[in-house]
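# Report on the structure
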Amino acid sequence: MGERRMGQEREPDIGSVLEVEIGLDGLAARARWKPGTRPEERARWNSADVESFLVKSGIHFGVAEEGLTRLLNVRADDEAGWVEVARGIPPEPGQPGRIEWLTQDSKAEGAQGEPQDPSGANRVDLRDRGGIPSVSPGTPLVRVVPPIPGKNGMSVRGVSIPAPTPGAITVVLGPGAQWNEDHTTVLARVAGHPVYNPRRRWIDVQPMYRVQGDVDYGVGHVSFEGSLHIGGSVQPGFRVKASGDVVIDGAVDGGIVESGGDVKVGAGIYGGTRGSVRAGGSVQAKFIQQGRVSAELDVVAERSILHSETTAGRDIQVISPAGTIAGGTCTAVHRIRAAVLGSPMAVPTTVAVGLPQTVRDRWRSVQEELRRIDGQRSKLRLAIQVLEKRLQVRQDPGAVGMIQKLQRDLAELDERIQESRLELQMIAEDMRQFQDAAVSAHKVYPGVKIIIGNAMYTVIQEMDRVRFTLDGGEIRVSSEG
C-alpha cells in the first residue's frame, strides 16, 4: 500500500496531512489525518512512514502496529477520528508499610467476643462473650512491616516514570509498650490489655482494663490478667475475674468477683443467692448484705455487714459511728471491730477471731480422725489378743499370718496417729501466735456468739463498750475505752 512510483513525487512531509498528540501523563499518543485529507493523499503513506513521523514527533516507545494499521485504513467518514498509535507502561505502586498483629486481635479498644452459638442449640452461656485479650511483659504485640517499593513505568517518549514511593508506617508507643532491639517489633512492657488507636497509630498495654458501664449481657463475663475498672455494677449471675485490683464504681448485685489484689466497691455488695467477692488483698464497700466475702488481708465496710459470710486474713472493720455487724458469720485472724454487734431482735450472729475458719475446721477434722483411728486401734489390739490366746491352745498357721497382718496395720495406725498429733501441735502453736486477737464494739446485743481460737462466749445480755480477748484459754471481757 502506498508504493512509490518511478518519476512520481510524493508529499514532501507526512506532517502536512498527519498530526500527533501525546497525553499529559505521557502514557499514550494518538494520531489522525488532518481534516480535509483526501483518501488518495492518505494512500501515499505506509506504516514505516507513519512510524518515522512518530519518532520525529518525540515518540520512542510503545508504538502499536495495530494502531498504525487502523490509522492507515481509516474510513472516509472517520477521517477526523483519533487513533491510539502508542501506549506506555504505567508505574506499579508498591505496598505501604503496615502493622502485623502478633497477639489476639486487640485493635478495637474494649471489644469483646460474640457468643459462639447464639441459637442456644449447644447450651451456650450468653453471658460468656469471650475473654479480654491480655499479655505479659515481653510479649510481642506487633511487627512493623516496611514498605515494598513499586516498579517504574515508561512513557511513550521513552522516559522512565518513577513509581510513587510507598509510605513507611509510623507508630506511637504508650508507656506500656516498647521496641525490641532492632526496632521492628513492639513488645509489652507491662502485663495488661493491648490496645491500638488507628487514627493516632498509638499502641499501648494498659495495666487496667475499663468497662464503661455495667457487667451485664451487653458485656458478658469479664476475665483479665491485670486490673479492672468497672464503671457500673456487676449484675446477677455475671463473673468478674482479674489477677490485679478490681475497682467497681457501682455495686456487686448478685455477681461474682474474684481478684488477685484489692476489690473496691463504690456502692454495696449484695450477694443474693449466688453472689460472692474474693480478694487476694483487701475488700472495701459501703455495705455487705447477704454476701459471701473473703479477703487475704482486710474487709472494710463503711456502714454495715448484714447476714453475710465474711472472712479476712487480718481485720474486719465497719468504720461508721453506727456501723453494724448483724446476722451471719464474720471471721478474722486479728481483729473485728464495729460500733454494733447483733441487733435488738437477737439475730444470731457469730464473730470469730484468732485463726481462719479453715484452720479451726482442720483442727476439728484432725481431732475426729484421731478418735476414729484410736477406735480402730483398740479393735486391732483386741483381735490380736484373741488370736494369741488361740495359739496358746493349739498351733494354727493361719492365726500366725493373721496376727502378723494385724500388727502391720496397727503399726500404720500408730504412724498416722503420730502425724495427726504433730499437726495438732502445729495448729496449737498458730493459736498461741494469735493470742492478741480481739473483738471490740460499742454495743453488743444478745444472740451474738464470740469465738476466739477454740474458746466461745455467748452474749446473753446487752453490753456496752466491750472488748473480747483470750486469756489463759478463756475469753475475757473488758471495758473498751
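Where an unreviewed UniProt entry is consulted, the chain appears under the name Flagellar Assembly Protein A N-terminal region domain-containing protein, with the organism given as Kyrpidia spormannii.

### Brief notes about the pairing of strand β11 (residues 193–197)
Taking burial as the measure, the five residues of β11 include five buried ones, the bulk of the element. With burial as the criterion, each face of β11 is covered, one bearing His-193, Val-195 and Asn-197 and the other bearing Pro-194 and Tyr-196. Across five bridges, β11 lies against strand β12 (residues 202–206) in antiparallel orientation. Following the sheet pairing, Asn-197 is matched in β12 by Trp-202.

### Points about the confidence of the model for the chain
Low-pLDDT stretches of the model should not have their predicted coordinates read in fine detail. The pLDDT averaged across the chain works out to 85; a share of 88% of its residues lies at or above 70. Note on residues 1–11: pLDDT under 50 across the span, and 16 contacts to partners over four residues away in sequence or across chains. Here residues 105–127 is modelled with pLDDT under 50, and outside its nearest four sequence neighbours on either side it reaches 38 contacts, counting other chains as well.

### What to know about helix α3 (residues 65–72)
Taken as a whole, α3 has its buried residues at Gly-67, Leu-68, Leu-71 and Leu-72. Take α3 and look down its axis: the buried residues cluster within an arc of 130°, on one side only.

### Some thoughts on the packing of aromatic side chains
Per the stated rule, a full pass over the model turns up four aromatic pairs. With a centroid separation of 5.8 Å and an interplanar angle of 65°, the aromatic rings of Trp-101 and Tyr-196 are classed as edge-to-face. In this pair, Trp-101 sits in strand β4 (residues 98–101) while Tyr-196 sits in strand β11, placing the two residues 95 residues apart along the sequence. The pair Trp-101 / Tyr-196 is uniform in exposure class, with both members buried. Note on Tyr-217 and Phe-238: the rings are 5.0 Å apart at their centroids and 85° apart in plane angle, and the pair reads as edge-to-face. A residue pair is termed long-range when its members are at least 10 positions apart, and Tyr-217 in the loop between β13 (208–211) and β14 (222–224) and Phe-238 in the loop between β15 (227–230) and β16 (239–242) qualify at 21 residues. Over the face of the ring belonging to Trp-82 we find Arg-30, whose NZ or CZ atom lies 4.4 Å from the ring centre.

### Brief notes about the environment of Ser-304
Summarising the element assignment, Ser-304 is placed in strand β25 (residues 299–312). Counting along the chain gives 17 residues from Ser-304 to Phe-287, while the straight-line C-alpha distance between them is 4.9 Å. The residues contacting Ser-304, other than those within four sequence positions of it, are Lys-286, Phe-287, Ile-288, Val-318 and Thr-324.

### Quick notes on the sheet that holds strand β10 (residues 185–188)
Strand order in the open sheet formed by four strands is β4-β5-β10-β9, and the pairing between neighbours is antiparallel. With one partner strand each, in any of the chains shown, β4 and β9 (177–179) form the two edges of the open sheet. Between one strand and the next, the sheet's axes are offset by a mean angle of 25°, whatever the strand orientation. Note that strand β5 (residues 140–145) and β10 share three bridges and pair antiparallel. Across the sheet, residue Arg-143 finds its bridge partner in β10, namely Thr-185.

### Quick notes on the nonpolar core
Within the largest apolar cluster, 54 residues are counted, with the highest numbers of intra-cluster contacts made by Leu-341, Ile-450 and Phe-468. The contact partners of Leu-341, leaving out residues within four places of it in the chain, are Ile-325, Val-351, Val-439, Ala-441, Lys-443, Val-444, Tyr-445, Val-448 and Ile-450. Membership of the second largest hydrophobic core comes to 19 residues, among which are Leu-71, Val-83, Val-85 and Val-156.

### As for the packing of helix α2 (residues 47–56) against α3
At a minimum axis separation of 10 Å, α2 and α3 run at an interaxial angle of 115°. Classified by the interaxial angle, the pair formed by α2 and α3 is roughly perpendicular. For the pair α2 and α3, the sense of crossing is right-handed. For the pair formed by α2 and α3, the contact residues are Ser-47, Val-50, Glu-51 and Leu-54 on the first element and Glu-65, Leu-68, Leu-71 and Leu-72 on the second. Residue composition of the contact of α2 with α3, by class: five nonpolar, one polar and two charged.

### Let's talk about the sheet that holds strand β3 (residues 83–87)
The antiparallel open sheet is built from three strands, whose spatial order is β1-β2-β3. Strands with a single pairing partner mark the edges of an open sheet, and in this sheet they are β1 (18–22) and β3. Along the sheet, successive strands turn relative to each other by an average axial angle of 25°, direction set aside. For strand β2 (residues 28–33) and β3, the ladder comprises four bridges, and the chain directions are antiparallel. Of the residues in β3, the one forming a bridge with Ala-31 is Val-83.

### Describing the pattern of salt bridges
Taken as a whole, this structure holds 15 salt bridges when the rule is applied. Between Glu-19 and Arg-32 there is a salt bridge whose closest N-O contact spans 2.5 Å. With Glu-19 in strand β1 and Arg-32 in strand β2, this residue pair connects regions lying 13 residues apart in the sequence. For Glu-19, a relative accessible area of 23% translates into the label partly exposed. Residue Arg-416 is joined to Glu-369 by a salt bridge in which the shortest nitrogen-to-oxygen separation is 3.8 Å. On the criterion of sequence distance, the pair formed by Arg-416 in helix α5 (residues 397–433) and Glu-369 in helix α4 (residues 357–393) is long-range, its members being 47 residues apart. Among the charged side chains, a salt-bridge network with shared partners connects Arg-38, Glu-40 and Glu-41.

### Observations regarding the environment of Ile-460
Secondary-structure assignment places Ile-460 in the loop between β32 (455–458) and β33 (463–471). Residues Ile-460 and Val-448, 12 residues apart in the sequence, show an inter-C-alpha distance of 8.0 Å.

### Things to note about the environment of Ala-332
Here Ala-332 lies in strand β27 (residues 324–332). Residue class for Ala-332 comes out buried when judged on its relative accessible area of 0%. In this structure the C-alpha to C-alpha distance between Ala-332 and Val-299, which are 33 residues apart in sequence, comes to 8.9 Å. Once you skip the residues sitting within four places of it in the chain, Ala-332 turns out to touch Ala-312, Arg-314, Asp-315, Ile-316, Ala-352, Val-353, Gly-354 and Leu-355.

Calculation criteria
- Residue positions are counted from 1 within each chain, in the order its sequence is given.
- Predicted model: local features are reported for residues with pLDDT of at least 70 only, side-chain atom pairs are reported and counted for 80 or more only, and whole-chain, interface and lining totals are derived from all residues.
- For the side-chain quantities, the full set of heavy atoms in the structure was used; hydrogens and water were omitted.
- A simple rule labels every residue: compare its accessible area, found with a 1.4 Å probe on the protein chains alone, to the largest value its type can have, and call it buried under 20%, exposed over 50%, or partly exposed in between.
- Numbering goes from the N terminus for both helices and strands, where a helix is a DSSP run of H or I of at least four residues and a strand is a run of E of at least two.
- Here, strands pair whenever DSSP counts at least two bridges between them.
- By definition, pLDDT measures how confident the predictor is in each residue, and it falls between 0 and 100.
- Should any heavy atoms of two residues lie within 4.5 Å, those residues are considered in contact.
- Regarding the arc, it is the one traced by the directions from the helix axis to the C-beta atoms.
- Pairs were defined over the aromatic rings of Phe, Tyr and Trp, the Trp ring being its six-membered one, requiring ring centres within 6.5 Å. Orientation was assigned from the angle between planes: stacked under 30 degrees, edge-to-face over 60, tilted for the rest.
- Placement of a charge over a ring requires the Lys NZ or Arg CZ to be within 6 Å of the ring centre, with the centre-to-atom vector within 35 degrees of the ring normal.
- Axis definition: a line fitted to C-alpha atoms, over the contacting stretch in the case of helices. Angles run 0 to 180 degrees between N-to-C directions.
- As used here, the term nonpolar core means buried Ala, Val, Leu, Ile, Met, Phe, Trp, Tyr and Cys residues forming a set that is joined through side-chain atoms within 4.5 Å.
- Each angle is binned into one of four classes, with values under 35 degrees roughly parallel, values over 145 roughly antiparallel, values of 65 to 115 roughly perpendicular, and all other values oblique.
- Two helices that cross are described as forming a left-handed crossing if the nearer one is turned anticlockwise from the farther one by less than a right angle, and a right-handed crossing if clockwise.
- Basically, the charged four are Asp, Glu, Lys and Arg, the nonpolar ten are Ala, Val, Leu, Ile, Met, Phe, Trp, Tyr, Cys and Pro, and anything else, Gly included, counts as polar.
- Salt-bridge detection follows one rule: a side-chain nitrogen of Lys or Arg within 4 Å of a carboxyl oxygen of Asp or Glu.

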